[in-house]
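# Overview (structure and organization)
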Amino acid sequence: MVQFLESLPMINLKPNFSQKEKRIVILYSIFLILLVVLLPFYGVLTTPKGKFFTWAPFRQSLDYNAYQTWVTQFSQGKFLAEILYTTERHPALFFHPLFFLAGQINLFLKIPLEIIFIIFSLLANFFLLITLYYFVSHFLKSFSSRLISFIFISLGSGLGWLSGPTSADLFLFEITFLRILCWPFIMSLGLAFLLWSLLFFIKSFKEKGQKKAFLAGFSAFLLVLIHPYDIVIFYTLAFSYLIFFTKFWSHLIKILIVFLFPLPVIVYYFLVKYSHFVWYQHSLAPMFSPPLLSYFLGLFNFILLALFSLKRVYKKELQILFLWSIVYFLLLYLPVTFQWKLSLGIFIPLGILAGSSLDNFYRFLNKKFPQISPGLLFLLIVLVFSSLTNISVFEANIRTFRKGEYPYYLDREIKDGFEWLKENTLPEEVIFSSFEIGSFIPRYSSRKVFIGHWAQTIFAKEKNELVKNFFISKINEEEVKSIFKTHQIKYIFYSDFEKKIGQIDLSKFGQEVFKNNKVSIFKINL
């Protein structure tokens, strides 16, 4: 990857890395990627008897299922996909190039989608790690400072291990690099293209011609195509750089190139959003930021060490990083519904500043105590301390796999029920179930559900209440008939998850058409 980027004549990136530096970065990146990819394979190896592994990332099964549902539709020959987690009719308008590519690979090569996701994630994570090192190298010139920052950013976390669930590094993937690597590939690629967009944007003002501006614009185009939320981050950080560090009125052509390049994709997303009520409601899914204290705890180690760089704020490179750190915190409470999505990458400017401080401490300690050279021990202590939340999360992940519980494992009888639905029902027929089972039915059966996703099910809260009231027989038959008719519900999936809500005689609503030790499926005859 490094050699490929350096071989492109248009991308003359400085500095020129030594062979030793390249080797260290590449080997470290491979180690980190393998560490992350071992988790799902550990999940496979620890699958309890009578169950199957769902491949869901730790604490993110809902979105993983949703991604797989999009890809499954593309693997069926569709060019545009619809939302299968809601019953309201709407046009199929969703397109994602990588989900589409994954679907085509599955269609023609018959590689399981879970393996395709692993392969895509391996490639995306390696690309992100190499990108991160290039980005860090733009701001830090010495090998030691670059490497320390690179490792600190990739392993660092906050005080979640100590303060508990109030700390954002425990529940927001966007603010911890290692957790981003555990997410399916789109977040890694989104962050990588965000960094390339910013890097090319800065460099475009240091060179004559428009090449870097076109590269910045093209990177931003790919960014919005793959992870659209991040375009807001790029535009805001780029605009702040223009205001404080350039005479932007003398670079209007470059600015127009960069800011207009992604416009066609942005227009597409706006057209989808306002094309239909369902897509509009989906776009309003609440993703509001937690309190500022939560971010402070989640980024504590980054913030604390970054502050030690204030004494060198006279350097322009550090001024840019301080500016972007401040702007990032302002973005967290922008008046939009996807606030926490705007935290992606907030740790990078802070991490580069922190790495610079650590490098200075390292040099100072070795110079002060040359007999024992304590700098390396100091770095190891700081890195371990800063990684404690990530370590605790990985440990919790392994512990959860050992328990063999939902949502990482399901009974094989439940999967048999999913397969029956796929083979014996029509695409327009809606399945009624608990939220827990509804989150998996579209993925494995390609059928619509009454409820199954916090964001893709329109009016999820109200529908979840209806599901609970139905299974505890709190709704009379006339109301049930009206609900089922309105939402075109044709089948009821009845497993242990539904029985936990309430025991109900479903024979009065229809005929049992499938049964095994764990699942009954009823066809509605109302």
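So, here's what we can say about the structure. The structure presented is a predicted model; accordingly, all values stated were derived computationally and were not measured. (Residues numbered from 1 in each chain as written. Predicted model: local features only at pLDDT ≥ 70, side-chain atom pairs only at ≥ 80, totals over all residues. Heavy atoms only, no water.)

## Notes on the side chain of Ser434
In this fold, Ser434 is placed in the loop between strand E3 (430–432) and helix H22 (435–438). Among the polar contacts made by the side chain of Ser434, one reaches the side chain of Glu498 at a distance of 2.7 Å. Residue contacts for Ser434: discarding those within four places in its chain leaves Ile451, Val467, Phe471, Phe497, Glu498 and Ile501. (Helix = DSSP H or I, 4+ residues; strand = E, 2+ residues; numbered from the N terminus. Polar contact = N/O pair within 3.5 Å; in protein donor to acceptor, adjacent residues only side chain to side chain. Contact = heavy atoms within 4.5 Å.)

## Regarding helix H10 (residues 211–226)
Residue pairs spaced three or four apart in an α-helix point in one direction, given the helix's 3.6 residues per turn. If you check H10, its first and last C-alpha atoms are 23 Å apart, about what 16 residues at 1.5 Å a residue would give, namely 22 Å. Those residues of H10 that are buried are in contact with helix H4 (97–109), helix H9 (186–204), helix H11 (230–245), helix H12 (252–260) and helix H13 (263–273). (Expected span 1.5 Å × (residues − 1).)

## Quick notes on the environment of Ser386
For Ser386, the position within the fold is in helix H19 (residues 375–386). Measuring from C-alpha to C-alpha, the distance between Ser386 and Ser157 comes to 5.5 Å, with 229 residues separating the pair along the chain. Beyond its immediate chain neighbours, meaning those up to four positions away, Ser386 contacts Phe152, Leu155, Gly156, Ser157 and Asn301.

## Quick notes on the pattern of salt bridges
Pairing between side chains of opposite charge can happen when the charged atoms of each approach one another. If you walk through the whole model with that rule in mind, you get 11 salt bridges. Of the charged contacts in the structure, one is a salt bridge between Arg146 and Glu21, with a shortest N-O distance of 2.7 Å. Here Arg146 is found in helix H6 (residues 143–155), whereas its partner Glu21 is found in helix H2 (residues 19–45), with 125 residues between them in sequence. Here Glu395 ties to Arg399 by a salt bridge, and the two come within 2.8 Å at their closest N and O atoms. Pair noted here: Glu395 and Arg399 are both in helix H20 (residues 388–403), with a separation of 4 residues, about one helical turn. In this structure Glu395 comes out as partly exposed when scored by relative accessible area, which is 39%. What makes Arg399 partly exposed here is its relative accessible area of 39%. Each member of the salt-bridge network shares a partner with another, and the members are Asp411, Asp496 and Lys518. (Salt bridge = Lys/Arg side-chain N within 4 Å of Asp/Glu carboxyl O. Buried < 20%, exposed > 50% of the residue type's maximum accessible area, 1.4 Å probe, protein only.)

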